[in-house]
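# Summary of structural features
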Amino acid sequence: MNNPAVSESFAARTATVVSPALDLTQQPTLRGAEILIRSLIENGVDTVFGLPGGAVLHIYDEIWRYRDQINHYLVRHEQGAVHAAEGYARASGKVGVALVTSGPGATNAVTGIATAYMDSVPLVVITGQVPTGVIGTDAFQEVNTFGITMPIVKHNYLVRDVRDLAAVVNEAFYIAKSGKPGPVVIDIPKDVSAQMCTYTEFEQTSFSFQKPERPIDSDAINCAVEKILQAKSPIFYVGGGIVTADASKELLRFVERLQLPVTPTLMGIGGFPTTHPLSLGMLGMHGTFAANMSVSESDLLIAIGVRFDDRVTGKLATFAPQAEIIHIDIDPSNIGKNKKPHFSLVADAKNALRAMAENLESRETKEIESSKALRADWWKQIEEWQKAAPLSCEYSESEIKPQMVIEELYQVTKGEAIIVTDVGQHQMWAAQFYPFKRSRQWLTSGGLGTMGFGLPAAIGAQLACPNKRVVAVVGDGGFQMTNQEIITAIQYRIPLKVLIMNNGCLGMVRQWQEMFYDRAYSEVDLSISPDFVKLAEAYGAKGLRAQKPSELTAVLEEGLNNDDVVIMDIVVTKEENVFPIIPAGQDTRNMILK
Amino acid sequence: MRHTISILVANQAGELSRIVGLFSGRGYNIDTISVGKTLDPKLSRATIVTIGNETTVEQIVKQCSQLTRVREVRVVAAPHIEREMALIDVNAKSGVERQEILNLVGIFRAKVVDMSHDKIVLEASGNSDKVDTFIELLKPFGVNDVTRTGCVAINRLSPFEKIEDDTEEFLTKSL
């Protein structure tokens, strides 16, 4: 405890705040670690999530020296660092940065990297590595990070020479955010971060095949618009590409002019306002009856920034069976991967939609009006579907229904909060019952379906958007996977709000066991769980609980209208199911509504 | 369907593994693969022979071209030359056997590269079928070992006709 040597050196270091200024006139000789930090700063980074270890000691030494320019947030587990960086990236559109050590540090980061890969989130993850001289010898804390992460990154590097470092970092940021974004891993051996090298700002990589942006083909656009104008029952199926490309305005402009129905995927939520009269709500496995029926009966499906994921299409052969398909996506490999379109365009969603809107505006009003008239019956039909089976829940006096929690959350936050979720039933209810107004208001792990994503991602999102209310909506299962990060929020006074939809079980698995496995509830019971209120208090956070519907509003208001770290344990009905549901691999006709 | 895919990729550590990993990860099949430097020492060419239908090949081309260090992916569809090489260790115990083997060597334009009292090592090259046939014909003598390279391919010069192949045109454009 009382070790004067340690405390003196600590005091000495605290006294010397070095933080060297960036001098652009000279080419200084710096060590690798400092080159890394300066390159990060040059790429606009001011926020890093991480956890130190042996292989990144030099880098952390520079994190310390540059602490007035780089805000480093110390997480308690590396998975939390990557999820927080993802939350930051998803909420802001900027590149998120995580820094972890070699071996277990890197393997703990893998879940987060894969989550970002599946949802096309721009990340740069820096991992330490054992010194180059001992790579391949099974050295302490050595794993082949380059090999392990290869299938779950957009690109990765093992930097063997400090002279490559600056160029690698610059290229990594370019790759992470260009085209279809994704995670990039930079593996840096310890000796490389220690070596000295001349540092030149914004060094270009000597070897990069930057694929040039293709101009929008105006003939293709014209052809697409013609098809849409003539369609009797068209529908827009839009996904994460709208959010990533920031194409909401362009989409709105186009569909409003022609009064076309729109259905977003789980990842596309917010890309088109749920409250808009043209929105039919989400489609797919837990999508609305109206959205799924409209896709099934459509004669033209305009798919933008989507990849025909199995959770959307169900059985591929019977997905949109009568429709001609127009597919617009930035990733050529998405086109024809699952469903062959009749007409496709490789383009950024924003550019494509802008060109489509401009094409439309150059046309005569008469043409637009006669096109709209074609769809009078279609809208009548859609309204019938909407009336036939709207999203609903049975209210109860004795038990809190999970759907009510989301509706109440919407009221208390006035529909303005950024909602970050985990994965499972609560995620689907949040997607269904919280009407979203704008892009990046809804952050969720869609592709990989990572439980434990919500809480740390909410920390990152809150740091990216300090003036907005951020709420992590999680289940009692996922919460227990990453709840160690509550202390990160406490440490940095981040107003983390966690709403636990506590049904005492792994709800979505339980629902499938109920529906498809004769109620054999195999290993889904979580009724033996910690007292979440006491757990919150142990962390120094505020813990609140609601068990009856009458307590719900008060708890949400007390929990959300302040800047404390608050864990709200909302005890909800255990055996409640998410409806509608189209069982996996089946088609819309097999949709179960209740 | 058998397809020959030609990939131009940065000559850097790990890049081949990235391509091979993409094939295994997405369930594509690699029949043969051969890699070597090109005229530009910064670039390697990997020639991969794969079995798959049109859709699979289209996906392979698109997925491979998404890799950061891949410059060009081409399905070799125009008239082209393919070559594979094999080194074959075959028994030749008697003078008669040796004479018969040398006959075959002559017919297949192969080469004797090593010899002992009872064995011969032969070098054969040609398209896959030719090499297969040659090995098949040697089997009665007792083939001890075979080492084969993958397939390499290059377009024919075709000085008199313009190459017009829709498939190739489409695939190159879609990158």
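Quick caveat: nothing in here was measured; it's all calculated off a predicted structure.

Thresholds, definitions, all that
Within every chain, residues take consecutive numbers counted from 1 along the sequence as written. As they are written, the chains are lettered A onward and the ligands numbered 1 onward, keeping that order. Local features in this predicted model are restricted to residues whose pLDDT is 70 or higher, and side-chain atom pairs enter the listing and the counts only when it is 80 or higher, whereas totals over whole chains, interfaces and linings include all residues. Numbered from the N terminus, helices here are DSSP runs of H or I no shorter than four residues, and strands are runs of E no shorter than two. To sort residues by exposure, count the other C-beta atoms lying within 10 Å of each residue's C-beta; 20 or more gives buried, 12 or fewer gives exposed, and values between give partly exposed, all with C-beta atoms placed from the backbone. C-beta atoms are placed from the backbone for every residue, and two residues are taken to be in contact when these atoms lie within 7 Å. All residues other than Ala, Val, Leu, Ile, Met, Phe, Trp, Tyr, Cys, Pro, Asp, Glu, Lys and Arg, Gly among them, are scored as polar; the first ten of these are nonpolar and the last four charged. Where a domain begins and ends is set by an automatic assignment or by a domain database. In this analysis, the expected span of each helix is defined as 1.5 Å times one less than the number of residues it contains. The pairing criterion is simple: DSSP has to find at least two bridges between the two strands. Note on geometry: axes are C-alpha line fits, over the in-contact stretch for helices, and angles between N-to-C directions span 0 to 180 degrees.

### So, the overall build of chain B
Counting its regular elements, chain B contains five helices and nine strands. The linear arrangement of helices and strands in chain B, starting from the amino end, is β-α-β-β-α-β-β-α-β-β-α-β-β-α. The 175 residues of chain B split such that 25% are buried. A fraction of 75% describes how many contacts in chain B between residues 6 or more apart in sequence connect residues 24 or more apart.

### Examining the interface of chain A and chain B
Contact with chain A, which involves twelve residues of that partner, is made by 16 residues of chain B. For the side of chain A that touches chain B, a count of residues per class yields seven nonpolar, three polar and two charged.

### Remarks on the domain arrangement of chain A
How large an interface is tends to be reported as the accessible area lost when its parts come together. Residues and elements named next belong to chain A. Split into domains, chain A comes out as domain 1 (28–198), domain 2 (218–388) and domain 3 (402–571). Placing the centre of domain 1 and that of domain 3 at their C-alpha centroids yields a distance of 29 Å. Taken together, the contact pairs 25 residues of domain 1 with 26 residues of domain 3. Those elements giving two or more residues to the side of domain 1 that touches domain 3 turn out to be strand 2 (47–50), strand 3 (71–74), helix 4 (78–92) and helix 5 (104–118). Considering every element that reaches the side of domain 1 that touches domain 3, the biggest residue donor is helix 4, with eleven residues. Tallied by class, the residues present in the side of domain 1 that touches domain 3 amount to ten nonpolar, eleven polar and four charged.

### Description of helix 24 (residues 549–560) of chain A
Taking 1.5 Å per residue as the helical rise, helix 24 of chain A with its twelve residues ought to reach 16 Å, and the 17 Å between its terminal C-alpha atoms agrees with that figure. In the core, the buried residues of helix 24 of chain A are packed alongside helix 17 (402–412), strand 17 (497–502), strand 18 (542–546) and strand 19 (566–571) of chain A.

### Regarding the sheet that holds strand 9 (residues 234–238) of chain A
Residues and elements named next belong to chain A. Judged by pairing direction, the sheet is parallel, and its five strands sit side by side in the order 10-9-11-12-13 without closing on themselves. Edge positions in the sheet fall to strand 10 (262–264) and strand 13 (343–346), since each has one partner strand and no second. On average, each strand axis in the sheet is tilted by 15 degrees relative to the strand beside it, whichever way the strands run. One ladder, built from five bridges, connects strand 9 with strand 11 (residues 300–304); its direction is parallel. The residue of strand 11 that forms the bridge with proline 234 is leucine 300.

### A short note on helix 4 of chain A
An α-helical turn contains 3.6 residues, so any two residues separated by three or four positions project in the same direction. Residue and element names in this part refer to chain A. Its 15 residues give helix 4 an end-to-end C-alpha distance of 21 Å, which sits within 8% of 21 Å, the value for a rise of 1.5 Å per residue. Extensive coverage of helix 4 is indicated by the burial of 14 of its 15 residues. Looking one or two residues past helix 4, glycine 93 carries a phi angle of roughly 85 degrees, positive in sign.

### A few points about the sheet that holds strand 15 (residues 442–443) of chain A
Residues and elements named next belong to chain A. Within the open sheet, the six strands sit side by side as 15-14-16-17-19-18. Their pairing is parallel. Sheet topology places strand 15 and strand 18 at the edges, where each strand pairs with a single neighbour. Direction of pairing for strand 14 (residues 418–421) relative to strand 16 (residues 470–475): parallel, over a ladder of four bridges. Bridged to isoleucine 419 within strand 16 is valine 471.

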